[in-house]
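So you can see what is in the structure, the chains are spelled out below.
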Amino acid sequence: MVRRPQSQSAALAHQMDHDDVRDAYRRWAPVYDFTFGKVSTAGRRHAVELINSSNGKVLEVGVGTGLSLPEYKSHLEITGIDLAPEMLQKAHERIRSERLTNIAGLHEMDAGDLQFPDASFDTVVAMYVITVVPEPEKVMRELARVCKPGGQVMLVNHFSQEEGVRGWVERKMAPFADLVGWHSVFEMSRVMGCDNLKLVERKSLRPWGIFTMMRFRKQADVVHHPLAAE
Ligand SMILES: C[S@@+](CC[C@H](N)C(=O)[O-])C[C@H]1O[C@@H](n2cnc3c(N)ncnc32)[C@H](O)[C@@H]1O
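In this text the structure is predicted, and so the values were computed from the model without any measurement.

A few words on the packing of aromatic side chains. Applying the stated criterion to the full structure yields 6 aromatic pairs. With 6.1 Å between their ring centres and 90° between their planes, Phe36 and Phe211 make a pair best called edge-to-face. Of the two residues, Phe36 sits in helix α3 (residues 36-39) while Phe211 sits in strand β7 (residues 211-218), which places them 175 residues apart along the sequence. The same class applies to Phe36 as to Phe211, namely buried. With 5.0 Å between their ring centres and 75° between their planes, Tyr128 and Phe211 make a pair best called edge-to-face. Highlighted residues: Tyr128 in the loop between β4 (121-127) and α6 (136-146) and Phe211 in strand β7, separated in sequence by 83 residues.

Shown next, in the form of structure tokens:
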């Protein structure tokens, strides 16, 4: 039998399904803003600042409790989706309490099966989400699909290291993925597989470079002319 090579993250990760994710984030929802939500502030701010200098419609995938929502400038129209109803409930409360007027809608939806037509958004952003989903490659294809040609797809995430103490800790944490709600071992190569997404920027972020911002440009569709090969 031929054994297929497997990425380190695919080999180590306990496979979280959607019920595991919903379970984990039902537990996280009441404390999220004061725990992981705090540690991850710098990355979220950095991404939203970049988005604020663009125009049009933004899709935030895995919007969670909506910590980013008040940071978007009012000329942008924001749509959010998330799998966990308890996280979305917090986001709805934030929209009401902060009287945000540029939120087009929040939807309970799977990032791997987005219910939007192709090329619906100018910017598609997923912050601290891609290591949580069971099939990151499929989610990347969905982010690319709903982004307009010429638009941007942005990720903020932790990507794992093979060496050093950090790599060792990440590997030890891997079996607890469904308890904490994300995979500690996750290589950057897993988000690089979409031919129509060109990486235009990559930046290490505070605190201590644990998180990375990646910005891709969606390429225009390639039209194959029937006579081109002759
Ligand atoms: C670590 S939280 C990040 C939340 C938010 N982006 C932030 O920056 O605070 C991950 C979020 O992704 C959501 N999520 C996980 N898997 C998902 C999926 N397949 N589709 C949509 N959302 C998902 C979780 O419910 C959770 O709200």
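We are not done yet, so read on.
Strands sit in the order β3-β2-β1-β4-β5-β7-β6 across an open sheet of 7 strands; the sheet is mixed. Of all strands in the sheet, those bounded by a partner on one side alone are β3 (103-108) and β6 (197-205). Taking each pair of neighbouring strands and ignoring which way they run, the sheet shows an average axis angle of 15°. Here β4 pairs with strand β5 (residues 147-158) via 6 bridges, running parallel. Of the residues in β5, the one forming a bridge with Ala126 is Leu155. Packed onto the sheet, helix α4 (residues 41-52) meets β1 (57-61), β4, β5, β6 and β7 and runs at close to 165° relative to β5. Helix α5 (residues 85-97) rests against β2 (77-82) and β3 of the sheet, and its axis sits at about 160° to β3.

Our focus in this paragraph is the side chain of Thr65. Relative to the helices and strands, Thr65 is located in the loop between β1 and β2. For Thr65, a relative accessible area of 1% gives the class buried. Among residues more than four places away in sequence, those in contact with Thr65 are Ala29, Tyr32, Asp33, Met87, Lys90, Ala91 and Arg94.

Conventions we followed
Residues numbered from 1 in each chain as written. Predicted model: local features only at pLDDT ≥ 70, side-chain atom pairs only at ≥ 80, totals over all residues. Heavy atoms only, no water. Phe/Tyr/Trp six-rings, centres within 6.5 Å; stacked < 30°, edge-to-face > 60°. Helix = DSSP H or I, 4+ residues; strand = E, 2+ residues; numbered from the N terminus. Buried < 20%, exposed > 50% of the residue type's maximum accessible area, 1.4 Å probe, protein only. Pairing = 2+ DSSP bridges. Axes fitted to C-alpha atoms, helices over the stretch in contact; angles between N-to-C directions. Contact = heavy atoms within 4.5 Å.

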